[in-house]
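# Per-entry structural report
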Amino acid sequence: GNSVTQMEGPVTLSEEAFLTINCTYTATGYPSLFWYVQYPGEGLQLLLKATKADDKGSNKGFEATYRKETTSFHLEKGSVQVSDSAVYFCALYVLTGGGNKLTFGTGTQLKVEL
Amino acid sequence: EAGVTQFPSHSVIEKGQTVTLRCDPISGHDNLYWYRRVMGKEIKFLLHFVKESKQDESGMPNNRFLAERTGGTYSTLKVQPAELEDSGVYFCASSSRTGIYEQYFGPGTRLTVT
């Protein structure tokens, strides 16, 4: 089956620190990979995605590279801001064999302090 | 363009009572999904509608949960009778026929069963 494992939080960083949130996956078939973010009081928003190996998704200063050899999709940002405080979810989607559903990790809460 | 909306935002009910959650997808989106996050765990798929038809309901936990999408527009998810373990955040998402894996999420309904 399909599954996503991401690092447990909460993660607390100082503003301008470097962020890495680890995500690994197992999938039946060739998955597309996603990072979703949930800001306080809001719904899930798609942050970035990658659909094939070695693709790099990027948005709002965040990046993640699809690593097929290590089945990973780690989220990184060079300099976090207080406004990045949120819960981050790694997810995958398999076009064939996995139905039309997203498979999510448990989420990692990020808190950025001044 | 309005996003996915959900109602209510928060519901507190007693064990044994009935609750109905509503989701209004983005206009024109044929695909509608329900997901649930329980107690800080991963977000889990419940079911998927294509227009008014249930495409995949493999994630529905038991027969106390009933989802409908009459007319292929909004959807309701009824829990009857509610149990303590049903507490969590229920998310609705929608996607277009062509952008099937680009799912847009609503803010969620937080259900608390006491």
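For clarity, every value in this text was computed on a predicted model and none was experimentally measured. Within every chain, residues take consecutive numbers counted from 1 along the sequence as written. To label them, take the chains in the order written and letter them from A, then take the ligands in the order written and number them from 1. Reporting in this predicted model follows two pLDDT cut-offs: at least 70 for local features of residues, and 80 or more for side-chain atom pairs to be given and counted; totals over whole chains, interfaces and linings ignore these cut-offs and use all residues. As a rule here, side-chain values come from all non-hydrogen atoms in the structure, and water together with hydrogens is ignored.

## A few points about the nonpolar core
Residues and elements named next belong to chain A. In terms of nonpolar packing, the biggest core is built from 27 residues, with Trp-35, Leu-47, Leu-48, Phe-73, Leu-75 and Tyr-88 touching the most fellow members. Listing elements by their share of this core, those giving two or more residues are strand E2 (11–14), strand E3 (19–21), strand E4 (23–26), strand E5 (31–38), strand E6 (44–50), strand E8 (62–65), strand E10 (86–94) and strand E12 (108–113). The secondary structure listing takes helices from DSSP runs of H or I that are at least 4 residues long and strands from runs of E that are at least 2 residues long, numbered from the N terminus. Per element, the largest residue contribution to this core is five residues, and it comes from E10. Here, two residues are considered to be in contact whenever any of their heavy atoms come within 4.5 Å of each other. Beyond its immediate sequence surroundings of up to four residues, Tyr-88 is in contact with Gln-6, Ile-21, Trp-35, Tyr-36, Val-37, Leu-47, Phe-62, Leu-75, Gly-107, Thr-108 and Leu-110. Here, nonpolar core refers to any group of buried Ala, Val, Leu, Ile, Met, Phe, Trp, Tyr and Cys residues whose side-chain atoms link them within 4.5 Å. Exposure classes here rest on a 1.4 Å probe applied to the protein chains alone. A residue is buried below 20% of its type maximum, exposed above 50%, and partly exposed in between.

## A short note on the packing of aromatic side chains
Note on aromatic pairs: the rings of Phe, Tyr and Trp (six-membered ring only in Trp) are paired at centre separations within 6.5 Å, and the planes decide the class, stacked below 30 degrees, edge-to-face beyond 60, tilted for the rest. Inspection of the entire model under this criterion finds 13 aromatic pairs over all chains. On the basis of an interplanar angle of 80° and a centroid distance of 6.4 Å, the ring pair of B:Phe91 and B:Phe105 is categorised as edge-to-face. Here B:Phe91 is found in strand E9 (residues 88–95), whereas its partner B:Phe105 is found in strand E10 (residues 104–105), with 14 residues between them in sequence. With respect to burial, B:Phe91 and B:Phe105 carry one shared label: buried. Taken together, the aromatic side chains of A:Phe34, A:Tyr36, A:Phe89, A:Phe104, B:Tyr33, B:Tyr35, B:Phe45, B:Phe91 and B:Phe105 make up a single cluster linked through ring pairs. Note that A:Lys101 overlies the ring of B:Phe45, its terminal NZ or CZ placed 5.3 Å from the centroid. Definition used: whenever NZ (Lys) or CZ (Arg) falls within 6 Å of the ring centre and also within 35 degrees of the ring normal, the charge is taken to sit over that ring.

## Some points on the pattern of salt bridges
Take a side-chain nitrogen of Lys or Arg and a carboxyl oxygen of Asp or Glu: if they are within 4 Å of each other, that pair is a salt bridge. Scanning the model with the defined rule gives twelve salt bridges over all chains in all. Where A:Lys49 meets B:Glu102, a salt bridge forms, and the shortest distance between an N and an O atom there is 3.1 Å. In this pair, A:Lys49 is assigned in strand E6 and B:Glu102 in the loop between E9 and E10, connecting two distinct chains. Residue classification places A:Lys49 among the partly exposed residues on the basis of a relative accessible area of 30%. Exposure remark for B:Glu102: the relative accessible area of 21% places this residue in the partly exposed category. A salt bridge links B:Lys15 to B:Glu83; the shortest N-O distance between them is 4.0 Å. Here B:Lys15 is found in the loop between strand E2 (10–13) and strand E3 (19–24), whereas its partner B:Glu83 is found in the loop between strand E8 (75–79) and E9, with 68 residues between them in sequence. Look at B:Lys15 and you get exposed, because its relative accessible area is 51%. The exposure class assigned to B:Glu83 is partly exposed, which follows from its relative accessible area of 21%. Sharing partners across several salt bridges, the network here consists of B:Arg36, B:Arg64 and B:Asp86.

## As for the sheet that holds strand E7 (residues 65–68) of chain B
Residue and element names in this part refer to chain B. With respect to topology, four strands assemble into an open sheet ordered E1-E3-E8-E7, the strand pairing being antiparallel. The sheet is open, and its two borders are formed by strand E1 (5–7) and E7, each paired with just one other strand. Adjacent strand axes in the sheet meet at a mean angle of 15° when their direction is disregarded. We treat two strands as partners when DSSP finds at least two bridges between them. Each axis is a line fitted through C-alpha atoms, taken for helices only over the stretch in contact, and angles between the N-to-C directions span 0 to 180 degrees.

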